[in-house]
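# Residue-level structural notes
Spelled out from the first residue to the last, the chains are:
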Amino acid sequence: MALLLGIDMGTTKSACVIVDSDRRTLLACESMAHQAAAGGGIQDARRHVEVVRRLIGRLPESLRGEVKCVGVAGQMHGVVLWSRHAVSPLFTWQSVTRDLEHFQTVAPDLRHGFGVATLAQLASERKLDAYEYAGTIHDYLVWQLTGCPGKPVMDYSDAASWGTYRLRENCFDGASWARLGIPERLMPQVVPVCSNAGVVAGAWGIPRGIPVMAAVGDNQASVAATAEDPSDEIYLTLGTGAQLSIVADRLAEQVECRPYLDGKYLAVGTPLCGGAAWAWLQQHVKAWLNALGCAPIPDAELYDRIDALAAAALQDDDLPAVHPHFLGERSDPGKRGVIEHLTLTNFTPGKFAAALAIGIVENLQGMLPRELWQDRKRLLVSGNAIRKTRALQAACVRCFGIEPIPVSGREEAACGAALLSGRLLKETSDGRETEITEKN
């Protein structure tokens, strides 16, 4: 039995797990809302690291002392900058790049919240001089875990989420970085998924000297934790964000593709407002009740009532249509939510909630060509929003024609990071330690 530590640094919360690699079982789990948000898609990077330290310390000491390898996952697209003596805020995938259209004349694949777009904006504002390195928030944690060794590493899965990345060559487009005014010193060293980033150094509550895997994107980690037969499965995650993923053997045209394991790719649909659209409904119902002077309803009870009303109305034939583009979309930042087909009788809480549930799933479904998923027989769903919401599960049946299979267990991204680190542990144990090579 080999115990593996998995860490996930999410948009709203962080989690740490210990997994038995042989049995693929979760032995311990700690999570908490990190409360790092500062508004405008910006978060406190130091707060993220503090919360991870706290969560590791909450895991059973008897298990922590037996951990053999560490895997880290986290929110993709975002960027944090640092040096030995300074660290910037984390600019998350929800951040907005003011001069994006100008930067797209150099790199058309840039979107709001992409790391290179943020770096270009900061370069234009002359705000990069204080920093030596750039990476994702989980790259920054790995750098800290391994004793601040110098130039950080970034695995293919995260690098591809930043923009200006050449998927076939697995490297950044250095010429685009230069034209955008981003200093070459900030370009991370790009390495394959499951590469060795170093060993634990310092007091983290786990054994020193054990391998630490280069941080992986939470999308890839979640799929790795749940996949049983990738050729026959669709993976749908609904938490704060949302992702619809298909494991593909080759790059798919006109679809966002991300590097995955063993030379494969993930074809992915990623709306900017996924599970947050469902939370929006609950928050606004609560606000209406407060404004009307109604007795307050506890949040959990209100959530359950809305879910029950939606589930009961889902098969009605007079539902309105809700298109939940509340935050725009990466391909069309100016796009906004739309409600259609309203009548004098169908704007009830249940019918509207049912229409929103369908709209959330249809928005995801429409981001991938039908031919990629239509022959697949298993729909694996994860994330707290869909796990807790019957209406969203029923909407999956209506849209895909497949009964969703909730993934058993918790904290898929953290568990996936732990299990992926098991690959690294096997290689190092067999004397074939993953070599980190410069790709840029």
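That block above? That's the structure.
What comes next concerns the included structure.

Thresholds applied
Residues numbered from 1 in each chain as written. Predicted model: local features only at pLDDT ≥ 70, side-chain atom pairs only at ≥ 80, totals over all residues. Heavy atoms only, no water. Pairing = 2+ DSSP bridges. Helix = DSSP H or I, 4+ residues; strand = E, 2+ residues; numbered from the N terminus. Core = buried A, V, L, I, M, F, W, Y, C linked by side-chain atoms within 4.5 Å. Buried < 20%, exposed > 50% of the residue type's maximum accessible area, 1.4 Å probe, protein only. Contact = heavy atoms within 4.5 Å.

What links the strands of a sheet is backbone hydrogen bonding, and the strands pair in either a parallel or an antiparallel sense. The strand order E4-E5-E8 describes an open sheet built from three strands, whose pairing is antiparallel. With partners counted over all chains shown, the strands left at the sheet margins are strand E4 (37-39) and strand E8 (90-91), one partner each.

Within the largest apolar cluster, 113 residues are counted, with the highest numbers of intra-cluster contacts made by Leu119, Trp162, Phe172, Leu236, Leu238, Trp278 and Phe400. Per-element tally for this core: the top contributor is helix H11 (residues 349-365), with 10 residues. The next biggest cluster of nonpolar side chains, apart from the first, holds 40 residues, and it includes Val72, Val142, Val212 and Ala215.

All right, on to the environment of Val96 then. Looking at where Val96 falls in the secondary structure, it is placed in the loop between E8 and helix H3 (100-104). Here the alpha-carbon distance between Val96 and Gln43, two residues 53 residues apart in the chain, equals 13 Å.

Time to look at the side chain of Thr237. Along the chain, the position of Thr237 falls in strand E17 (residues 233-238). Setting aside chain neighbours within four positions, we find Thr237 in contact with Ala242, Gln243, Ser382 and Gly383.

Turning our eyes to something else, we now look at the pairing of E17. Summarising burial for E17: six of the six residues are buried, a large majority. Here E17 shows no split at all, with Glu233, Tyr235 and Thr237 on one side and Ile234, Leu236 and Leu238 on the other all buried. With four bridges connecting them, E17 and strand E18 (residues 242-248) associate as antiparallel partners. Residue Tyr235 lies in a different strand from E18, and its bridge partner there is Ser245. Count of turn residues in the E17/E18 antiparallel hairpin: three residues.

Keep in mind that these numbers describe shape and distance, not what the molecule does.
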